[in-house]
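Each chain is listed here by its residues.
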Amino acid sequence: MSRFYWVNEDRAARTKHGGYLDAAHTWGLPGIRCHACGATWSAVAHDFPAIDLSPLPESREFLKPRAESFPEFARLRELVRPLLPPHIELPPGTSFGPLKGSAVGEFGAMAWLGPRLLLRRDALESLQAEGVRGLLGCRTELRFRKKNAPELLELQIEPRGRFHPDCIPSDVPPPCTTCGRHGFGRPDEPILDAASLPQELDLFRVGNFATMLIGTEQFMDAVHRLGLVGMTFRELPTR
Ligand SMILES: [Zn+2]
């Protein structure tokens, strides 16, 4: 059984380089105002930068972040569903297309934008050459204020696998049967549901808590062998 690690930004490395990104994805599903559970919400870090919505005649309807009623959200979701593999969930707020915005300052081999991870092209190719599986680097549209800007590619990191139910507090209500919202804070002691974890990826997000990145031991070892700076690793138990 492989070991799994919670991958986080190393904030000390950011302080060292001082680079800063201000960017958002090109298109997105709206958030939702759910008539059933009463919540207005959208998910974070369900990002598909490789998916291009420009061929859709309705692509303009995905430009403006906003909240919609469930029926309107569901109509828009059905328009994009054929563009993605069937196992992708598409919650409210799912985003598509390249990151657009500005980049200021110096960057190392990697840059973080909240839970989003960008790699310099040479760092991505080195990890792939080390045998890390499933890394998909996507073009970004970032404006740099200097010459010789690095080429930063955003990784499309799929939400896959789940927390084990044992680490979700028992007083958390079950998911809303209309909108799917399952609201809970990050568990103090996260446990991954072993049977749900992907076999073919060395980096993914927790499917029901997508801001958390999970790397395999192979991923962590490759990052360390290459001396890539900018990440911390904490091993998580599986059950
Ligand atoms: Zn709901």
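Scroll up for the structure.
Just so you know, these numbers come straight off a predicted model, no measurement behind them.

Student: An account of the pattern of salt bridges is needed here, citing residue identities and associated values.
Tutor: A complete count under the given rule lists 20 salt bridges for this structure. Ionic pairing is found between Lys146 and Glu106, a salt bridge with its closest N-O pair at 3.4 Å. Pair noted here: Lys146 is in the loop between strand 11 (141–144) and strand 12 (152–155) and Glu106 is in the loop between strand 7 (95–104) and strand 8 (110–113), with a separation of 40 residues, a long-range link. The salt bridge involving Arg160 is made with Glu158; its shortest N-O contact spans 3.2 Å. Looking at Glu158, the relative accessible area reads 17%, which means it is buried.

Student: Describe the coordination of the zinc ion, naming the residues involved and giving the relevant values.
Tutor: Angles between donor atoms at a metal ideally measure 109.5 degrees for a four-coordinate tetrahedral arrangement and either 90 or 180 degrees for a six-coordinate octahedral one. For the zinc ion, the full set of protein donor atoms is Cys34 (SG), Cys37 (SG), Cys176 (SG) and Cys179 (SG), at a range of 2.3 to 2.4 Å. Note that the zinc ion binds 4 donor atoms; their angles at the metal cover 105 to 115°, and the shape is tetrahedral. In the primary sequence, the donor residues of the zinc ion line up as C-x2-C-x138-C-x2-C. On the basis of relative accessibility, which here comes to 39%, the residue Cys37 falls in the partly exposed class.

Student: If you had to explain the sheet that holds strand 14 (residues 203–206) to someone new, which residues and values would you point to?
Tutor: Spatial strand order, 13-14-15-1-16: 5 strands in an open sheet with mixed pairing. Where the open sheet ends on each side, the last strands, each with one partner, are strand 13 (159–160) and strand 16 (231–236). Here 4 bridges tie strand 14 to strand 15 (residues 209–216), and the two strands are oriented antiparallel to one another. Counterpart to Arg205 in the pairing with strand 15 is Leu213.

Student: Give a description of the sheet that holds strand 8 that names residues and reports values.
Tutor: With respect to topology, 4 strands assemble into an open sheet ordered 8-9-12-10, the strand pairing being antiparallel. Bordering the open sheet on either side are strand 8 and strand 10 (137–138), each of which pairs with just one other strand. When strand 10 meets strand 12, the two strands line up antiparallel, connected through 2 bridges. Across the sheet, residue Gly137 finds its bridge partner in strand 12, namely Leu155. Each of strand 9 (116–120), strand 10 and strand 12 touches helix 3 (residues 121–129); the most contacted strand, strand 9, lies at about 95° to it.

Student: Tell me what's going on with the nonpolar core, and back it up with residues and numbers.
Tutor: Generally speaking, soluble globular proteins have nonpolar side chains that are buried together. Counting 23 residues, the largest nonpolar core has Leu29, Leu53, Phe62, Val80, Leu84, Leu90 and Phe96 as its most contacted members. Top element by residues in this core is helix 2 (residues 70–80). It accounts for 5 residues. Apart from the residues lying within four places of it in its own chain, the contact partners of Leu84 are Phe48, Ile51, Leu90 and Phe96. Ala109, Leu117, Leu155 and Leu228 belong to the second-largest nonpolar core, a separate cluster that totals 21 residues.

What counts, and where the lines are drawn
- Residues numbered from 1 in each chain as written.
- Predicted model: local features only at pLDDT ≥ 70, side-chain atom pairs only at ≥ 80, totals over all residues.
- Heavy atoms only, no water.
- Salt bridge = Lys/Arg side-chain N within 4 Å of Asp/Glu carboxyl O.
- Helix = DSSP H or I, 4+ residues; strand = E, 2+ residues; numbered from the N terminus.
- Buried < 20%, exposed > 50% of the residue type's maximum accessible area, 1.4 Å probe, protein only.
- Donors = N, O, S within 2.8 Å, 3.2 Å for Na, K, Ca; no water.
- Tetrahedral: all angles 85-135°; square planar, octahedral: opposite > 155°, others 65-115°.
- Pairing = 2+ DSSP bridges.
- Contact = heavy atoms within 4.5 Å.
- Axes fitted to C-alpha atoms, helices over the stretch in contact; angles between N-to-C directions.
- Core = buried A, V, L, I, M, F, W, Y, C linked by side-chain atoms within 4.5 Å.

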